[in-house]
Amino acid sequence: MSREWILRISCPDTTGIVHAVTGVLAGLGSNITESQQFSSPDSQQFFLRLQFVTPSTQATDLEAALAEVARRHDMSLSLQPVEKRTRTLVLVSKAAHCLNTLLFQQSSGQLPIDIVGVAGNHDSLRPLAEFHGHDFHHIPITPETRADAEAALTRLVEELDVELIVLARYMQILSPELCARLDGRVINIHHSFLPSFKGAKPYHQAHARGVKIIGATAHYVTSDLDEGPIIEQDVARVDHNRSIVDFIQRGQDVEASVLARAVRWHAEGRVLMDGHRTVVFN
C-alpha cells in the first residue's frame, strides 16, 4: 500500500538541495507528483514543496530517511499526508459572508479542512453554523470580560485540538500574548483600500472618497494589528455609478474568496514563511 505526502523544506540556499532530497525519495521508491521551489535573493533562503507517492506509509520512516540530508543542509522540514484535513475553528461576529463561504466550500470538498466549531462574540450566526452541522460557541466580550473571554477561547482551542483559527470578519483584537502563542496558526481577512479606511463602515468611507478599487487581504495574525505576513490579496474595480450597497456587496465577495483561498493554501501546506513575508506555492 502506498501513500501520497506533502514535504515542505526551508533552509539556507546552496547547491545540491533538490538533488539530495529527491535522491533520498528515489531510494525509497517514491514518485514525485508535484514540485515547486524558490530561492530568495533577499534572505538567502531556499524553499521547496514536494508532493510524492511512496510505499512508506509512516511519517517517522520518511523523517528518518531524510534526517542526514536535513542535518547537512540545516533544514526546517515538515511532512503531512495529502489526505490530511486541518482541524479549524472559525471565529465570527455578525457578518455572515465569509463564514458562509467557508462552510459551503468545506462541505462541498473544496477546502481540505475539518471545521470543528464556530465561535462568536455575538450569537447571531448560530443558525448558520448549526444548519451546516457545526457546534456554535458563544463567547461574549466586553471591556471588563476580555481576559475571561480569551481564556475561554484558549480552552476551546485546546479541547477541540485546533490546528488553525480563521477570523471570518471577527471584529475583536487578539491580545499580543495569544497572538504569540498561536503564531502562524491564525488567518485574518481585512478590507484593504488605498487609502486603508479604519474604524466603522469602511465601505461607506470608501464610497464617500470615490475610490476606484476595492480590495481584501488575507494575512497571518500578529501582535501588530493588520500587519501580519500576507497570504493572498485581490481587488475589484468600482466607479461613481456604484451605490454604497454595491460597494459592500463587491467588497464582501472579494473578502470571502480571498479568505477561502488563503485557508486552502495554508491547509495544503503551500505557505512557507520567509521572515515577515510568505512564499506561496499556489
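Shown above is the structure to which this text applies.
Residues numbered from 1 in each chain as written. Predicted model: local features only at pLDDT ≥ 70, side-chain atom pairs only at ≥ 80, totals over all residues. Heavy atoms only, no water.

Undergrad: Hey, could you go over the layout of surface pockets for me, with residue numbers and the actual values?
TA: Its volume calculated, the largest pocket comes out at about 1100 Å³. Taken together, 43 residues make up the lining of the largest pocket; nearest its centre are R169, M171, H190, H191 and D226. Looking at the lining of the largest pocket, the elements with two or more residues in it are helix 6 (176–181), strand 9 (186–192), helix 7 (202–209), strand 10 (213–220) and helix 8 (244–267). The element that contributes the greatest number of residues to the lining of the largest pocket is strand 9, accounting for five residues. Its residues placed into classes, the lining of the largest pocket shows 18 nonpolar, 17 polar and eight charged. In this structure, the second largest pocket spans a volume of roughly 420 Å³. Of all the secondary structure elements, the ones that give two or more residues to the lining of the second largest pocket are strand 4 (76–81), helix 8 and strand 12 (271–274). (1 Å grid on protein atoms, 1.4 Å probe; cavity = no way out; pocket = protein on both sides within 12 Å on 5 of 7 lines; lining within 4 Å. Points joined across faces, edges and corners; volume = space filled by probe spheres on them. Helix = DSSP H or I, 4+ residues; strand = E, 2+ residues; numbered from the N terminus. Nonpolar A, V, L, I, M, F, W, Y, C, P; charged D, E, K, R; others polar.)

Undergrad: So what's going on with the packing of aromatic side chains? Residues and values would help.
TA: Tallying each qualifying case throughout the model produces one aromatic pair. On the basis of an interplanar angle of 20 degrees and a centroid distance of 6.5 Å, the ring pair of F38 and F47 is categorised as stacked. (Phe/Tyr/Trp six-rings, centres within 6.5 Å; stacked < 30°, edge-to-face > 60°.)

Undergrad: Describe helix 7, with residues and values.
TA: Residue pairs spaced three or four apart in an α-helix point in one direction, given the helix's 3.6 residues per turn. Every buried residue of helix 7 is accounted for by P202, Y203 and A206. Here the buried residues of helix 7 occupy an arc of 95 degrees about the axis, which is enough to place them on one side. In the core, the buried residues of helix 7 are packed alongside strand 9, strand 10 and helix 8. Residue G210 follows helix 7 closely and has a positive phi angle near 70 degrees. (Buried < 20%, exposed > 50% of the residue type's maximum accessible area, 1.4 Å probe, protein only. Arc of directions from axis to C-beta. Contact = heavy atoms within 4.5 Å.)

Undergrad: Residue-level account of the packing of helix 3 (residues 97–107) against helix 8, with values.
TA: At a minimum axis distance of 9 Å, the contact between helix 3 and helix 8 shows a crossing angle of 45 degrees. As far as their axial angle goes, helix 8 and helix 3 are oblique. Seen along the crossing, helix 3 lies across helix 8 with a hand that is right-handed. Residues H97, C98, T101, L102 and Q105 of helix 3 pack against Q252, E255, A256, L259, A260, V263 and R264 of helix 8. (Axes fitted to C-alpha atoms, helices over the stretch in contact; angles between N-to-C directions. Parallel < 35°, antiparallel > 145°, perpendicular 65-115°, else oblique. Left-handed = near helix turned anticlockwise from the far one by under 90°.)

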